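A closer look at the structure
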Amino acid sequence: IQTVEAGLFTGCSSLQSLTLEEGVSEFSVRAVWGCKNLVSLTIPKSVTKFDTSGAAGPGAEVNLLTGCPNVELSCYEGSEAALYAEEYGIPFHLL
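A brief structural summary.

Parameters at a glance
- Residues numbered from 1 in each chain as written.
- Predicted model: local features only at pLDDT ≥ 70, side-chain atom pairs only at ≥ 80, totals over all residues.
- Heavy atoms only, no water.
- Helix = DSSP H or I, 4+ residues; strand = E, 2+ residues; numbered from the N terminus.
- Rg over C-alpha atoms; globule rule 2.2 N^0.38 Å.
- Buried < 20%, exposed > 50% of the residue type's maximum accessible area, 1.4 Å probe, protein only.
- Areas by Shrake-Rupley, 256 points an atom, 1.4 Å probe, with all protein chains shown as cover.
- Lys, Arg positive; Asp, Glu negative; His and termini not counted.
- Charge placed at Lys NZ, Arg CZ, Asp CG, Glu CD.
- Arc of directions from axis to C-beta.
- Contact = heavy atoms within 4.5 Å.
- Phe/Tyr/Trp six-rings, centres within 6.5 Å; stacked < 30°, edge-to-face > 60°.
- Pairing = 2+ DSSP bridges.
- Core = buried A, V, L, I, M, F, W, Y, C linked by side-chain atoms within 4.5 Å.

Another aspect to go through is the overall build of the protein chain. The helix and strand tally for the protein chain stands at 2 helices and 7 strands. Compactness check: the protein chain gives a C-alpha radius of gyration of 12 Å against a globular reference of 12 Å for 95 residues, within 12% of the reference. In terms of principal-axis extent, the alpha carbons of the protein chain reach across some 30 × 30 × 25 Å. With 95 residues in all, the protein chain has 38% of them scored as buried. Surface summary for the protein chain: the accessible area is close to 5100 Å², and the carbon and sulfur share equals 49%. The average position of the 4 basic charges and that of the 11 acidic charges among the side chains of the protein chain differ by 6 Å.

Listed below in structure tokens is the structure:
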């Protein structure tokens with residue numbers, strides 16, 4: 001899988017942890033929308049694009065914390081994931 005698309009895990013209340021494999025290049029924030037119990041999301045260096053487009057229409061953006069309020073990212077220094085977390089105020093730690 002190179003792209004984790006919107007809706008893949010949407011609403012999965014039993015999902016607590018998700019680790020994306022190296023090789024994934026794009027991650028849609030809406031892939032885990034509504035996963036209220038997701039507390040850990042590991043993003044590899046290979047992810048170079050975060051799709052933040054919202055369902056509200058063109059130009060609307062979504063923040064990972066809106067759909068997963070308890071999530072913490074695990075990512076690499078200088079990675080797109082670390083930059084995304086910093087920009088949107090998402091808790092993260094470096095691997």
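Here the focus is helix α2 (residues 80-88). Along α2, the positions that sit buried rather than exposed are Ala81, Ala82, Tyr84 and Ala85. Taken end-on, α2 shows its buried residues confined to a sector of 160°, consistent with a single buried face. What points out from α2, more than 90 degrees from its buried face, is the exposed set Glu86 and Glu87. Elements that come into contact with the buried residues of α2 comprise β5 (49-51), α1 (64-67), β6 (72-75) and β7 (92-94). Of the residues trailing α2, glycine 89 is marked for its positive phi of about 70°.

Further remarks concern the packing of aromatic side chains. To describe a pair of aromatic rings, you give the distance between the ring centres and the angle between the ring planes. One pass over the full model with this rule turns up 3 aromatic pairs. Considering the side-chain rings of phenylalanine 27 and phenylalanine 50, the 5.9 Å spacing of their centres and the 75° angle between planes classify their relative orientation as edge-to-face. Here phenylalanine 27, found in strand β3 (residues 26-28), pairs with phenylalanine 50, found in strand β5; they are 23 residues apart in sequence, far enough to count as distant. Taking the centre distance of 4.6 Å and the plane angle of 0° together, the rings of phenylalanine 50 and tyrosine 84 count as stacked. Here tyrosine 84 lies in helix α2 and phenylalanine 50 lies in strand β5, a separation of 34 residues in the sequence.

As summarised here, the arrangement of the 3 strands in space is β1-β3-β5, forming an open sheet in which the pairing is parallel. On the outer flanks of this sheet lie β1 (3-4) and β5, each paired with one strand and no other. With 2 bridges joining them, β1 and β3 adopt parallel strand pairing. Considered in β3, the bridge of valine 4 is made with phenylalanine 27.

Phe27 and Leu64 are the most contacted members of the largest nonpolar core, which totals 26 residues. Of all the secondary-structure elements, those providing two or more residues to this core are β6 and α2. Element by element, the count of residues in this core is highest for α2, at 4 residues. Setting aside chain neighbours within four positions, we find phenylalanine 27 in contact with Val4, Leu20, Val32, Leu41, Val47, Lys49, Phe50 and Asp51.

Here we come to the environment of threonine 66. In this structure, threonine 66 sits in helix α1. Residues threonine 66 and leucine 94, 28 residues apart in the sequence, show an inter-C-alpha distance of 22 Å.

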